[in-house]
Amino acid sequence: MFKLTVNGLERTIEKDMRLIDYLRDELRLTSVKDGCSSGACGTCTVLVDGKKVKTCVQKVSRFDGKSIVTVEGLSQREKDVYVNAFSDAGAVQCGFCIPGMVIAAKALIDENPDPTPEDVKKAIHGNICRCTGYVKIEDAIMRAAKMLRGDKPLSENDATGVIGSHFFRIDAPQKVLGTGQYVDDIELPNMIYAKALRSKYPRARVDAIRIDKALEHPDCVKILKAEDVPFNKTGHIIPDWDVLIAVGDTTRYIGDAIVLVASRNKYTLDEILDLVEVDYTELTPLTSPREALAEDAPKIHENGNLLTHEKINRGDVEKAIKNSAHVVTRTYHTPMTDHAFMEPECAIAIPEGDNRFLLYTASQSVYDEQHEISRMLQLPPENIRSRAQLVGGGFGGKEDMSVQHHAALMAYHTGVPVKVKFSRQESIDYHVKRHAMEMEVTTACDENGKLTATKAVIYSDCGAYASLGGPVLQRACTHAGGPYQFDHFKVDGYCVYTNNVPGGAYRGFGVTQSCFAQEQNLNLLAEKVGLDPWEFRHLNAIRPGQSLPNGQIAGPETAFVECLEAVKDAYYKNANTGIAGSMKNSGIGVGLTDIGRANLVIMDGIVHLRTSAADIGQGIFTIATQIVCETAGIPAEAIVCEAPDTLLTPDSGTTTASRQTLFCGEAARVAATQLRAELDAGKTLADLDGQTFIGEYSGVTDKLGSDKPHPVSHIAYSYGVQVVTMDDDKKVSAVSAAYDVGKVINPALCEGQVEGGVAMGLGFALTENLIMEDGYVKSKYATLGLFRSTQMPPIDVHLVERADYDQLAFGAKGIGEIASIPTAPAVAGALYKMDGKERLTLPLEDTFYDRKAKK
């Protein structure tokens, strides 16, 4: 028996357990989050006798007689201050890490009421944030310290909510205080827990499955096999992913599910799984695209190992290269990396009778889930209601089915609520990654440095299943020319099945990889011509009215040149600087259906904003609210944003392709324009009670490979430039980033996206690399190489606005993806200037961060 004081109340615990399990499961203190279960991420941080403790790796017994404080136990003044400081600073994105950050801040401020910025960095070193780049969190903690130190009044929010105003993020309070619900925070009566037994081998034939012993376990409720799945396939675009592997079939990667077990007790799931017996015939895995494309390679899928071959051919590339003064050809390699969103995947499925089910999920589209799960269960789509909870980060990694379909399948068979959750290691081992790519890129220019042509051959490691492999390869190909003007452009891209963990959508969506290659080629060409890298880019930069390499005419709002000019001083300020430019589409484009939707429903004098657009941290609910405020002329307090829900909210498409600010934002503007007309006619919100104003925007584009001379591949493009400065130890000392994102709706949110993108980009460049050997994942969370607060350099953000108020969504374009794209080549460029060494593979070697170099 153990005694604790928790938030001022004495508690008696009869059996030992992890402290996090006691706090969350027994006391329902859900501000304490389980992000890694290895003591590495800090989301589970609490105070024990005033000191920070990570509860996921500590037992209750260790703290017998101690006093514990969670965010729920802060004083009201402290709660008010932290909510205000984090809101005012724009420090909240997905929010999953924030309660842990608040506790780390309290530990610091209680001991040192007047901390320095360096003190703050050190105080949160043990807490990882994947969204913000730490800049605004550190600012928030400094603000909180000042308010608590001097009883300073709280900052005021701009209640008008109009675009461009200092408007606090609408979901910040619940995320700061830990009162907002993520899926794993939900517990339901009679809920059971399910988990899949995964393949022992990357590639093996399943010869037999025996479940008798497992069924005898007292907690076992049900065990499902492949024959229990009405339609045993899932897949975001191509349904090629087995829900469960059948006897006689061959596994395709170590994440393949063999059986699905359900337990009354989540802590005995592994015991039941250990009792399942599977006989395998192990087969040799194919672990590289080149190997998988060999003539004698076994087929991973029935139709072969080539998922897709993408071709772009504009102009006469071979002739242009032959006639060019300077030509550079290099082969680049970029690795598979993990999204490492803070919230591991979790879903709950609840039977509602008559073969109807309610899902609580944390995905990037509730309608995608509805589609895939209804297909799997062979039920009408309307029988599946998917409702989003808070989403603890996504970055593309929550577009695929991971746990949702398994929760629904077990609920379908048992008739009771089912929760399925990945541990952090399961997330690393099984969910999709950034595609590893090999890219041979040739770039040519004339004697004056004007670009003439690019040709590229790209091999993308699709992994075991299609996921978004085709579209990711398309973006890598279409953007391989970069934001520059030349007319001869040829790309061949191959997305190839292997027995590795599947590749999927990832922030940058293939452009991050091809940008790394092309931007380094530009540096080498500039050297041949006798121009420096900034001059070379400025000479070739796309300007309004010119055609991009893909043939699309740059619109009058294009401001890539202005981005280059914004970072010019930073580039020339230090000798150890590198520069890279980038572009990224807003919207799916390439001739595909692409629709944003938002409805405004008036209820009891309040405007209910309804859209299925998923907020994975980027702030679309806040952005949509501001667009409605601006358009309809109503204050933010008159608007409530409802959670994405297939029963209530219209389908606004997947949160992907940096599209929601433009597409959902324009739909919200359309609906709010109708509301404004009614209000201008003299009606009040009370008069309009019960009315619905429907907003929809459809982006019309041309298909890939269109024979038009100047096809419209995408509705809009954002542009960006980063300058990275290194010190003499080859450590990043500063980053200057300039972005043309059209109209900035919320400056703090936009800056936060850039800062977070820079942090992710630095990791991609210098430290992150998912290690796989022979099809097995060898990486752990602590070894992923995620940047921490003490590693982050100062970031200077320039937001370039050249938008027309009358444009779509007031001229706003996407920022979420492009923020991370040019970082890696900018780092590589700085290193090349320092030592003349070409670095063609990521992560970059021979740097301050390189573990091998430090040994």
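See the structure printed just above.
Predicted model only: the values in this text are computed from it and were never measured.

Conventions we followed
- Residues numbered from 1 in each chain as written.
- Predicted model: local features only at pLDDT ≥ 70, side-chain atom pairs only at ≥ 80, totals over all residues.
- Heavy atoms only, no water.
- Helix = DSSP H or I, 4+ residues; strand = E, 2+ residues; numbered from the N terminus.
- Rg over C-alpha atoms; globule rule 2.2 N^0.38 Å.
- Contact = heavy atoms within 4.5 Å.
- Areas by Shrake-Rupley, 256 points an atom, 1.4 Å probe, with all protein chains shown as cover.
- Lys, Arg positive; Asp, Glu negative; His and termini not counted.
- Charge placed at Lys NZ, Arg CZ, Asp CG, Glu CD.
- Expected span 1.5 Å × (residues − 1).
- Buried < 20%, exposed > 50% of the residue type's maximum accessible area, 1.4 Å probe, protein only.
- Salt bridge = Lys/Arg side-chain N within 4 Å of Asp/Glu carboxyl O.
- Pairing = 2+ DSSP bridges.
- Axes fitted to C-alpha atoms, helices over the stretch in contact; angles between N-to-C directions.
- Left-handed = near helix turned anticlockwise from the far one by under 90°.
- Nonpolar A, V, L, I, M, F, W, Y, C, P; charged D, E, K, R; others polar.
- Core = buried A, V, L, I, M, F, W, Y, C linked by side-chain atoms within 4.5 Å.

Caption draft 1: Seen up close, the overall build of the chain. A tally of regular secondary structure across the chain gives 23 helices and 31 strands. The globule rule puts the C-alpha radius of gyration for 855 residues at 29 Å, and the 26 Å found for the chain is close to it. When the backbone C-alpha atoms are referred to their principal axes, the chain occupies close to 80 × 70 × 65 Å. Expressed as a percentage of contacts within the chain between residues at least 6 apart in sequence, the contacts between residues at least 24 apart total 79%. Carbon together with sulfur atoms contributes 48% to the accessible area of the chain, which is approximately 29600 Å² in total. Side-chain charges in the chain split into 90 positive and 113 negative, and the spacing between the mean points of these groups amounts to 3 Å.

Caption draft 2: Examining helix α15 (residues 511-529) more closely. With 19 residues, α15 extends 26 Å from end C-alpha to end C-alpha; this agrees with the ideal 27 Å at 1.5 Å per step. The buried fraction of α15 is high, at 17 of 19 residues. Just past α15, the residue Gly 530 takes up positive phi, approximately 100°.

Caption draft 3: Focus on the pattern of salt bridges. The tally for this structure, following the rule as stated, stands at 57 salt bridges. One salt bridge connects Arg 149 with Asp 114, and the closest N-O pair in it is separated by 3.4 Å. One end of the pair, Arg 149, is in helix α5 (residues 135-150); the other, Asp 114, is in the loop between α3 (98-111) and α4 (117-123), with 35 residues separating them in the sequence. Exposure remark for Asp 114: the relative accessible area of 48% places this residue in the partly exposed category. Note that Lys 433 is salt-bridged to Asp 338, the shortest N-O span being 2.5 Å. Of this pair, Lys 433 sits in the loop between α13 (424-430) and β19 (437-445) while Asp 338 sits in the loop between β14 (326-334) and β15 (346-351); the two residues are 95 residues apart in sequence, bridging distant segments of the chain.

Caption draft 4: Region of interest: the sheet that holds strand β21 (residues 488-497). Sheet architecture is open: five strands sit in the order β13-β21-β20-β19-β14, paired in mixed fashion. In this open sheet, the two edge strands, each paired with only one partner strand, are β13 (306-314) and β14. The average undirected angle you get between the axes of adjacent strands in this sheet is 5°. One ladder, built from eight bridges, connects β13 with β21; its direction is antiparallel. Paired with Leu 306 across the two strands is Val 496, which belongs to β21.

Caption draft 5: Region of interest: the packing of α15 against helix α22 (residues 823-835). Closest axis-to-axis distance for the α15/α22 pair is 8 Å, and the angle between their directions is 30°. Like other packed secondary-structure pairs, α15 and α22 cross with a definite hand, here right-handed. The segment α15 lies against α22, with Cys 515, Phe 516, Glu 519, Gln 520, Asn 523, Leu 524 and Glu 527 engaging Ala 824, Pro 825, Ala 828, Gly 829 and Tyr 832. Among the residues forming the contact of α15 with α22, the class breakdown is seven nonpolar, three polar and two charged.

Caption draft 6: Spatial organisation of the packing of helix α2 (residues 76-89) against α3. At a minimum axis separation of 12 Å, α2 and α3 run at an interaxial angle of 115°. For the crossing formed where α2 meets α3, the hand is right-handed. Along the contact surface, α2 presents Glu 78, Tyr 82 and Phe 86, while α3 presents Ile 98, Val 102, Ala 105, Lys 106, Ile 109 and Asp 110. Residue classes in the contact of α2 with α3 are distributed as six nonpolar, no polar and three charged.

Caption draft 7: The arrangement of the nonpolar core in detail. If you look at the biggest cluster of nonpolar residues, it comprises 247 residues, and the most contacted ones within it are Phe 86, Ile 137 and Tyr 781. Contacts of Phe 86, omitting those with residues within four sequence positions, involve Ala 91, Val 92, Ile 98, Val 102, Ile 137, Ala 140, Ile 141 and Val 176. Ala 624, Ala 638, Ala 672 and Phe 693 belong to the second-largest nonpolar core, a separate cluster that totals 35 residues.

Caption draft 8: Quick peek at the environment of Gly 304. Tracing the chain through its elements places Gly 304 in the loop between α9 (289-292) and β13. Sequence-wise, Gly 304 and Tyr 497 are 193 residues apart; in three dimensions their C-alpha atoms are separated by 8.3 Å. If near-sequence neighbours (up to four positions away) are discounted, Gly 304 is found in contact with Lys 299 and Tyr 497.

Caption draft 9: Region of interest: the sheet that holds strand β5 (residues 67-69). Strand order in the open sheet formed by five strands is β2-β1-β5-β3-β4, with mixed pairing between adjacent strands. Of all the strands in the sheet, just β2 (9-13) and β4 (51-54) have a single pairing partner and so form its edges. In this sheet, neighbouring strand axes are inclined to one another by 40° on average, regardless of whether the strands run parallel or antiparallel. With respect to the sheet, α3 is in contact with β3 (45-48), β4 and β5, its orientation differing from that of β3 by roughly 35°.

Caption draft 10: Geometry of the environment of Phe 96. Its location among the elements puts Phe 96 in the loop between α2 and α3. Classification of Phe 96 by relative accessible area gives buried; the value is 5%. Sequence separation between Phe 96 and Leu 390 is 294 residues, and the spatial gap between their C-alpha atoms is 8.8 Å.

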